[in-house]
Amino acid sequence: MNKGKLKQILLITDGCSNHGEDPIAMAALAKEQGISVNVIGIVEENVIDQEAIDEIEGIAMSGGGVSQIVYAHQLSQTVQMVTRQAMTQTLQGVVNSELQQILGKKVTMEELSPEKRGEVMEVVDELGETIGMEILILVDMSGSMKPKLPTVKESLLDLSISLNSRIGENQFSVSVFPGKKEEVETILEWTPKLESLSSIFPKLTTGGITPTGPAIRDGIHSFKKKRSLRSLLSDDEQYFNESNM
């Protein structure tokens, strides 16, 4: 099985987008390019905004990901749970596809015998520990998010610790929307560690529009840029090796 890398966008927001492209359409575009879009919606105690919830669920469904509505104090465990759940869901999809190729017909894990299903889930669990992961985190910076940012920061640091216990390589990138000057601003370029967020988060300012669609579009572009850079480095490495043969 070709392991490759799992690509996820993790969107953390507390409201509806109100600027730019339709985020549900952008999530569908991400899915087409092999990127799952997962959404965590932070709600106030005793306040349910049905329009926001519909959008959160719609983005995740369209992006082939997982959505979860939480109160701020539940955020830390939820960020880890959603990331792991989305990873398992994606891997199960990959394994189902492999099964269909091997058996030459449409078959899913649910149709296998309990014994065979157990064996397949062992493969999924092992892949979950060893496969490379690239997670681009998008954080809503609209005004109502201000009191929630310390919790968001702690949650992301907990996520980093949790995922770094895996054998597989992790790469993280963090963008906020809106940014200071642009709709979307990258505050942390691709890195295996999220620790530097501790110094960045206190300097962030909240307020303004909520360009969720443009943020997802920018996330897709970030994965493309990373892939192009990796390809370029690989070509340079190959040229270097051939030159020294």
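As a starting point, this report considers the structure included with it.

**Some words on the nonpolar core**
With 41 residues, the main nonpolar core has Leu-10, Ile-12, Ile-137, Val-139, Val-152, Leu-156 and Leu-194 as its most contacted residues. Core analysis: the second largest hydrophobic core is formed by 20 residues, Leu-11, Met-26, Ile-56 and Val-184 among them.

**Focus on the pairing of strand E1 (residues 5–13)**
For E1, the buried fraction is high: eight of the nine residues fall into the buried class. Both E1 and strand E2 (residues 35–43) contribute to a ladder of seven bridges, which runs parallel. The residue bridging Thr-13 from the neighbouring strand is Gly-41, located in E2. A crossover links E1 with its parallel partner E2, the connecting element being helix H1 (residues 23–32), and its sense is right-handed.

**A word on empty space enclosed by the protein**
Scanning the entire structure with this criterion turns up one cavity of 30 Å³ or more. The computed volume of the largest cavity comes to approximately 40 Å³. Every residue lining the largest cavity is listed: Met-141, Val-176, Pro-178, Gly-179, Lys-180, Glu-185, Leu-204 and Thr-205. Per-class residue counts for the lining of the largest cavity are four nonpolar, two polar and two charged.

**Concerning the sheet that holds strand E5 (residues 170–177)**
What the six strands build is an open sheet, ordered E3-E2-E1-E4-E5-E6; its pairing is mixed. Each edge of the open sheet is held by one strand with a lone partner, namely strand E3 (67–71) and strand E6 (185–191). On average, each strand axis in the sheet is inclined to that of its neighbour by 15°, with strand direction left out of account. The sheet contact formed by E1 and strand E4 (residues 132–140) spans eight bridges and is parallel.

**What to know about the side chain of Asp-14**
Assignment of secondary structure puts Asp-14 in the loop between E1 and H1. The buried category is assigned to Asp-14, whose relative accessible area is 17%. In contact with Asp-14, not counting residues within four places along its chain, are Ile-42, Asp-140, Ser-142, Ser-144, Met-145 and Lys-148.

**Concerning the pattern of salt bridges**
Tallied over the entire structure, the rule returns six salt bridges. With a closest N to O distance of 2.4 Å, Arg-217 and Glu-21 form a salt bridge. One end of the pair, Arg-217, is in helix H7 (residues 212–243); the other, Glu-21, is in the loop between E1 and H1, with 196 residues separating them in the sequence. On the basis of relative accessible area, Arg-217 is assigned to the partly exposed category, the value being 36%. Between Arg-84 and Glu-129 there is a salt bridge; the shortest N-O distance is 3.3 Å. One end of the pair, Arg-84, is in helix H3 (residues 75–103); the other, Glu-129, is in helix H4 (residues 114–130), and 45 residues separate them in sequence.

**Re the packing of H1 against helix H2 (residues 50–62)**
Two quantities define a packed helix pair, namely the angle between the axes and the distance from one axis to the other. Two elements in contact, H1 and H2, have axes separated by 7 Å at closest approach and are oriented at 20°. One element, H1, and the other, H2, form an angle in the roughly parallel class. At the point where H1 passes H2, the crossing takes the right-handed sense. Listed contacts from H2 to Pro-23, Ile-24, Ala-27, Ala-28 and Lys-31 of H1 are Glu-55, Gly-58, Ile-59 and Ser-62. Looking at the contact of H1 with H2 residue by residue, the classes come out as five nonpolar, two polar and two charged.

**Considerations on a negative patch on the surface**
Negative charge collects at one region of the surface, where Asp-49, Glu-51, Asp-54 and Glu-57 lie side by side. By the secondary structure assignment, Glu-57 is in helix H2.

**Section: the layout of surface pockets**
Considered as a void within the structure, the second largest pocket measures approximately 150 Å³ in volume. Contributing to the lining of the second largest pocket are Lys-146, Leu-149, Pro-150, Lys-153, Phe-201, Pro-202, Leu-204, Thr-205 and Thr-206. Of the residues in the lining of the second largest pocket, the class split is five nonpolar, two polar and two charged.

**Notes on unusual backbone geometry**
A cis amide bond links Phe-177 with the next residue in sequence, Pro-178, at an omega value of -5°. As for its placement among the helices and strands, Pro-178 is situated in the loop between E5 and E6.

**Structural notes on the environment of Asn-18**
By secondary structure assignment, the location of Asn-18 is in the loop between E1 and H1. Note on Asn-18: relative accessible area 53%, which makes it exposed. If sequence neighbours within four positions are ignored, Asn-18 has contacts with Ile-209 and Thr-210.

Scoring rules and cut-offs
Residues numbered from 1 in each chain as written. Predicted model: local features only at pLDDT ≥ 70, side-chain atom pairs only at ≥ 80, totals over all residues. Heavy atoms only, no water. Core = buried A, V, L, I, M, F, W, Y, C linked by side-chain atoms within 4.5 Å. Buried < 20%, exposed > 50% of the residue type's maximum accessible area, 1.4 Å probe, protein only. Helix = DSSP H or I, 4+ residues; strand = E, 2+ residues; numbered from the N terminus. Pairing = 2+ DSSP bridges. Right-handed = clockwise from strand over helix to strand, strands pointing away. 1 Å grid on protein atoms, 1.4 Å probe; cavity = no way out; pocket = protein on both sides within 12 Å on 5 of 7 lines; lining within 4 Å. Points joined across faces, edges and corners; volume = space filled by probe spheres on them. Nonpolar A, V, L, I, M, F, W, Y, C, P; charged D, E, K, R; others polar. Axes fitted to C-alpha atoms, helices over the stretch in contact; angles between N-to-C directions. Contact = heavy atoms within 4.5 Å. Salt bridge = Lys/Arg side-chain N within 4 Å of Asp/Glu carboxyl O. Parallel < 35°, antiparallel > 145°, perpendicular 65-115°, else oblique. Left-handed = near helix turned anticlockwise from the far one by under 90°. Patch = residues over 30% accessible without salt bridge, like charges linked within 9 Å, V, L, I, M, F, W, Y side chains within 5 Å. Areas by Shrake-Rupley, 256 points an atom, 1.4 Å probe, with all protein chains shown as cover. Lys, Arg positive; Asp, Glu negative; His and termini not counted. Charge placed at Lys NZ, Arg CZ, Asp CG, Glu CD.

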